[in-house]
Amino acid sequence: MGSELKHYESLISDSARWLLFEPRPGDVIISTPPKCGTTLSQMLCALVLFDSSDFPGRMDDLSPWLDQRTRSDDEVLAQLDTQTHRRFIKTHTPLDGVPEWPDVTYVTVGRDPRDVFASWEHHVANLDRDNMFAAIDGAVGFDTVLPFIGESPETIEGRYDLWLVNESSTVPMSLAVVAGHLEAAWQRRNRPNVEMFHFDEIRSDRAAAMTRLGTAFGVELSSERIEELAEAASIDRMRDRADDLAPNTKGIFQDSTRFFRSGEGGDWRSFVTPEQDAVYWQRIDELMSPELRDWLHRC
């Protein structure tokens, strides 16, 4: 890896692939922690860039996850190379693991990490592990990911306890993973080609987020047109189009419709104890700056 980039590797992704990518002026890179509105962000970008809700393909193909191990280097890079539309590329690699190109726009989204955990629980419950491992084996070889396969506690309380304290950089999800990703974005948020959103903002006011994206992309759309297009990004409308919008090309989810969950923030309160919440705030203060902490938690 280059000396200036961090290398992020887990069961599902390897950021080293970014060193093989050839950017184009105007590319958009969507870099979010898992379960922080990635697919909604892709949808909002697509609506702005295509000026239409009728896209020329599935979202998974129009905006592929570049460093996901379920596709080989050759497959995903060839797919991106043949695209003629303005490219918008998905990654769960933090910005300090992605090359910085001045003529590329970076979009990132933050969310209350406790809500991230609750959403992740539903995400994992919907995985088809056999299909996921078969896709990984076909793309990069199963032996490649063996070091990243571990046991998970049987109860949600136990998984939350582990999520709170896990310091490993090779797991796809932990509080440290979420905080590290968002801190890297937070430190870059004032750069002219970085747009950082809060999940609550893009969910509650899609039109405002699209207006901001249009400005960042240099795309002019009237406010009336944006309001019209934004309707296509409601959770119900996206769920109706789950086969086209869910990232399920390789069949790694049992049900594409379930991917579009309409849970409200604060679901974590149903299982988090006061003692666990005290540990959470202690860890938050260890892992992120006070300004990011307050912004994430809407303080």
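My aim in this report is to walk through the structure given alongside it, one point at a time. (Residues numbered from 1 in each chain as written. Predicted model: local features only at pLDDT ≥ 70, side-chain atom pairs only at ≥ 80, totals over all residues. Heavy atoms only, no water.)

## Examining the overall build of the chain
Move 1: Along the chain, the regular secondary structure elements total 16 helices and four strands.
Move 2: For the chain, the C-alpha radius of gyration of 18 Å lies close to 19 Å, the compact-globule estimate for 299 residues.
Move 3: Within the chain, the fraction of its 299 residues that count as buried is 54%.
Move 4: In the chain, 76% of the contacts between residues at least 6 apart in sequence involve partners at least 24 apart.
Move 5: For the chain, the exposed surface amounts to about 13,400 Å²; the carbon and sulfur share of it is 48%.
Move 6: Both charge centroids of the chain, one from 31 positive and one from 52 negative side chains, sit 2 Å from each other. (Helix = DSSP H or I, 4+ residues; strand = E, 2+ residues; numbered from the N terminus. Rg over C-alpha atoms; globule rule 2.2 N^0.38 Å. Buried < 20%, exposed > 50% of the residue type's maximum accessible area, 1.4 Å probe, protein only. Contact = heavy atoms within 4.5 Å. Areas by Shrake-Rupley, 256 points an atom, 1.4 Å probe, with all protein chains shown as cover. Lys, Arg positive; Asp, Glu negative; His and termini not counted. Charge placed at Lys NZ, Arg CZ, Asp CG, Glu CD.)

## Quick notes on the nonpolar core
Soluble, globular proteins show a tendency: their nonpolar side chains are buried together.
Move 1: M43 and F88 are the most contacted members of the largest nonpolar core, which has 45 residues in total.
Move 2: Per element, the largest residue contribution to this core is eight residues, and it comes from helix α1 (residues 38-50).
Move 3: When sequence neighbours within four positions are dropped, the list of residues in contact with F88 reads V28, I30, Q42, C45, A46, L49, F50, M59, L62 and S63.
Move 4: Membership of the second largest hydrophobic core comes to 38 residues, among which are I89, W101, L164 and Y280. (Core = buried A, V, L, I, M, F, W, Y, C linked by side-chain atoms within 4.5 Å.)

## Examining the side chain of T38
Move 1: Position of T38 among the secondary structure elements: in helix α1.
Move 2: With a relative accessible area of 6%, T38 lands in the buried category.
Move 3: Apart from residues lying up to four places away in sequence, T38 is in contact with T32, P33, K90 and H92.

## Things to note about the packing of aromatic side chains
Move 1: What the rule picks out here adds up to 16 aromatic pairs.
Move 2: Between F50 and F88, the ring centres sit 6.2 Å apart and the planes meet at 75°, which makes this aromatic pair edge-to-face. One end of the pair, F50, is in helix α1; the other, F88, is in strand β2 (residues 88-91), and 38 residues separate them in sequence.
Move 3: Ring centres 5.3 Å apart and planes at 55° place the aromatic pair F117 and W163 in the tilted group. (Phe/Tyr/Trp six-rings, centres within 6.5 Å; stacked < 30°, edge-to-face > 60°.)

## Quick notes on the pairing of strand β1 (residues 28-31)
Move 1: Residues V28 and I30 of β1 are buried on one face, and the alternating residues I29 and S31, pointing to the opposite face, are buried as well.
Move 2: When β1 meets β2, the two strands line up parallel, connected through four bridges. Its bridge partner lying in β2, I29 is registered against I89.
Move 3: Relative to strand β3 (residues 105-110), β1 is paired through three bridges, and the arrangement is parallel. Bridge assignment links I30 to a residue of β3, and that residue is V107. (Pairing = 2+ DSSP bridges.)

## Observations concerning the environment of F199
Move 1: Residue placement: F199 occurs in helix α9 (residues 199-204).
Move 2: Sequence-wise, F199 and L40 are 159 residues apart; in three dimensions their C-alpha atoms are separated by 9.3 Å.
Move 3: Sequence-distant contacts of F199, defined by excluding residues within four places in its chain, comprise C36, G37, V109, G110 and R111.

## Description of helix α8 (residues 175-186)
Move 1: If you check α8, its first and last C-alpha atoms are 16 Å apart, about what 12 residues at 1.5 Å a residue would give, namely 16 Å.
Move 2: Counting buried positions along α8 gives 10 out of 12 residues, so the element sits mostly inside the fold. (Expected span 1.5 Å × (residues − 1).)

## Comments concerning the side chain of S41
Move 1: The topology assignment puts S41 in helix α1.
Move 2: In terms of polar contacts, S41 uses its side chain to reach the backbone carbonyl oxygen of G37, at 2.7 Å.
Move 3: The contacts of S41, once residues within four sequence positions are left out, are I30, V109 and I202. (Polar contact = N/O pair within 3.5 Å; in protein donor to acceptor, adjacent residues only side chain to side chain.)

## Some points on unusual backbone geometry
Move 1: One non-glycine residue, K35, lies in the positive phi region at around 65°.
Move 2: Residue position: K35 is located in the loop between β1 and α1.
Move 3: Positive phi values are uncommon outside glycine, yet D51 reaches one of about 50°.
Move 4: Within the secondary structure layout, D51 lies in the loop between α1 and α2 (59-62).

Geometry only, nothing functional implied.
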